Amino acid sequence: MNTNLLLSVQNLSVAFDTRHGRVAVLDNVNLNLHKGETLAIVGESGSGKSVTAYAALGILDPAGKITSGKVEFDGRNLLGLSPQEMRKLRGRDLAMIFQNPRTALNPIRKVGQQIEDVLQAHNPGMSARQRKEAAIEQLASVKITDPARRYNAYPYELSGGMCQRVMIAIALACKPRLLIADEPTTGLDVTTQVVIMDLVHELAQANGMATILITHDLGLAADYCSRVAVMHAGQVLEDAPVANLFKAARHPYTTRLMAATPQPGISLEKLASIPGQLPDLRQPQPPCRFSTRCDRCLPECTAPGLTLMPYSNNPSHLIACRNPL
């Protein structure tokens with residue numbers, strides 16, 4: 001048993017029942033996260049990145065159902081826990097920074113009180129004075145100026161970057177062992193994006209947290225993460241250390257994704273788009289859901305049994321492809 005393994009997602013599949021039929025959103029997703037590690041999950045919008053996190057934390061929309069798989073946190077199967085047991089873990093051991101802080105924060109409660117809510121839920125022995133002091137300290141830790149005054153502010157009185165800092169303060173109030181940051185820089189200007197990512201990275205290192213960064217920005221993944229998992233249409237297609245992936249990506253989708261990413265010195269006209277569209281997941285899908293968009297697709301690519309396997313016997317570089325680069 002690997003005692004350094006913190007989170008293990010094994011063959012996780014999720015489907016949503018909609019008015020237009022059942023949508024198989026996740027297909028046998030496998031991910032591992034070790035203690036203190038930072039993992040980026042990247043891919044196009046709609047690839048299943050956020051749904052993977054929601055399923056792991058037990059906060060799926062009621063229409064979503066986990067149809068198979070296992071999610072283990074520190075050797076404990078989260079999918080077998082009751083809602084009450086999960087509530088004890090969320091906020092204390094597992095925390096999440098949501099994509100849009102303005103919708104995630106309660107608009108009619110002061111931000112300091114919202115930090116206190118987490119402290120009260122997981123530290124019932126704290127007095128009201130201790131909770132307030134701890135909340136102000138949390139605001140200071142995320143570098144909010146004049147934290148005692150900001151404690152009494154409402155979300156609408158703060159900028160988008162400040163609201164995101166408040167979200168980080170709430171997420172880290174109980175010093176969780178795992179932090180999931182879901183597109184934490186969406187809607188922020190470039191300068192603020194860097195400040196927020198530096199802050200998340202700094203606090204994660206200071207608290208010894210493992211971190212999952214959900215993003216479509218390959219630049220953020222390269223700068224802040226030690227490993228990257230690439231998702232497409234609910235499948236993990238490649239999983240490798242960040243240096244390996246950006247030096248020698250092996251899955252055709254990963255290389256297409258990189259070629260479509262803006263880079264310094266390259267004009268937008270020279271960017272190569274990914275052909276086709278994400279598949280209609282209401283319909284039966286081939287084993288590789290990228291095969292209909294792939295210029296390297298072979299007849300054997302549509303055969304059953306495709307799994308995430310070590311590339312060229314390298315246990316740290318996993319790939320789900322029968323005709324890799």
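Anything mentioned here points back to the structure above.
Visitor: Where do I start with the overall build of the protein in this structure?
Guide: In terms of regular secondary structure, the protein is built from 11 helices and 12 strands. Computed over the C-alpha atoms, the radius of gyration of the protein is 20 Å, within 12% of the 20 Å expected from 2.2 N^0.38 for a compact globule of 325 residues. Its C-alpha atoms put the protein at 65 × 50 × 45 Å along the principal axes. Evaluated residue by residue, the protein yields a buried proportion of 46% over its 325 residues. Once local pairs closer than 6 in sequence are excluded, the contacts in the protein between residues at least 24 apart make up 66%. For the protein, the accessible area works out to roughly 15500 Å², and carbon and sulfur atoms hold 52% of it. Positive and negative side-chain charges of the protein, numbering 33 and 28 respectively, have mean locations separated by a distance of 4 Å.

Visitor: Can you help me understand the pairing of strand 12 (residues 314-319) in this one?
Guide: Each regular strand displays side chains that alternate between the two surfaces of the sheet. Two strands pair when backbone bridges link them, and strand 10 (residues 235-241) and strand 12 are joined in this way by 2 bridges, in the antiparallel orientation. Residue Asp-239 lies in a different strand from strand 12, and its bridge partner there is Leu-318. Alignment of strand 11 (residues 309-311) against strand 12, held across 3 bridges, turns out to be antiparallel. Within strand 12, the position partnered with Pro-310 by the bridge is Leu-318. The antiparallel hairpin formed by strand 11 and strand 12 contains 2 residues in its connecting segment, where Ser-312 sits at a positive phi of about 50 degrees.

Visitor: Whenever I open this one, the pattern of salt bridges confuses me. Can you help?
Guide: Oppositely charged side chains are able to pair whenever their charged atoms sit close together. Under the defined criterion, the tally for this structure stands at 15 salt bridges. Where Arg-256 meets Asp-295, a salt bridge forms, and the shortest distance between an N and an O atom there is 3.0 Å. With Arg-256 in helix 11 (residues 252-259) and Asp-295 in the loop between helix 11 and strand 11, this residue pair connects regions lying 39 residues apart in the sequence. Judged by relative accessible area, Arg-256 falls into the partly exposed class, the value being 24%. Relative accessible area serves as the criterion here: at 58%, Asp-295 is assigned to the exposed category. One salt bridge in this structure joins Arg-282 and Asp-280, with 3.0 Å as the shortest N-O distance. Each of the salt bridges in this network shares a partner with another, and the network as a whole consists of Asp-74, Arg-92, Asp-93 and Arg-177.

Visitor: Quick question: what am I supposed to make of the environment of Gly-276 here?
Guide: Inspection of the secondary structure assignment puts Gly-276 in the loop between helix 11 and strand 11. Here Gly-276 falls in the exposed class, since its relative accessible area comes to 58%.

Visitor: Looking at this structure, I do not really get helix 8 (residues 190-207). What am I missing?
Guide: Owing to its 3.6 residues per turn, the α-helix aligns residues three or four sequence positions apart on the same side. Between the first and last C-alpha of helix 8 there are 26 Å, a value that for 18 residues agrees with the 26 Å anticipated at 1.5 Å per step. Looking at the buried side of helix 8, the elements it contacts are strand 6 (94-97), helix 5 (128-141), helix 7 (160-171), strand 7 (178-182), strand 8 (210-215) and helix 9 (218-224). Immediately beyond the C-terminal end of helix 8, within one or two residues, lies Gly-208, with a positive phi of roughly 65 degrees.

Visitor: How should I be thinking about the sheet that holds strand 7 in this particular structure?
Guide: Sheets are built from strands that pair by backbone hydrogen bonding, the pairs being arranged parallel or antiparallel. Spatially, 8 strands are ordered 6-7-8-3-9-10-12-11 in an open sheet, and the strand pairing comes out mixed. Two strands lie at the open edges of the sheet, namely strand 6 and strand 11, each paired on one side alone. Within this sheet the neighbouring strands show an average axis-to-axis angle of 25 degrees, counted without direction.

Definitions and cut-offs
- Residues numbered from 1 in each chain as written.
- Predicted model: local features only at pLDDT ≥ 70, side-chain atom pairs only at ≥ 80, totals over all residues.
- Heavy atoms only, no water.
- Helix = DSSP H or I, 4+ residues; strand = E, 2+ residues; numbered from the N terminus.
- Rg over C-alpha atoms; globule rule 2.2 N^0.38 Å.
- Buried < 20%, exposed > 50% of the residue type's maximum accessible area, 1.4 Å probe, protein only.
- Contact = heavy atoms within 4.5 Å.
- Areas by Shrake-Rupley, 256 points an atom, 1.4 Å probe, with all protein chains shown as cover.
- Lys, Arg positive; Asp, Glu negative; His and termini not counted.
- Charge placed at Lys NZ, Arg CZ, Asp CG, Glu CD.
- Pairing = 2+ DSSP bridges.
- Salt bridge = Lys/Arg side-chain N within 4 Å of Asp/Glu carboxyl O.
- Expected span 1.5 Å × (residues − 1).
- Axes fitted to C-alpha atoms, helices over the stretch in contact; angles between N-to-C directions.

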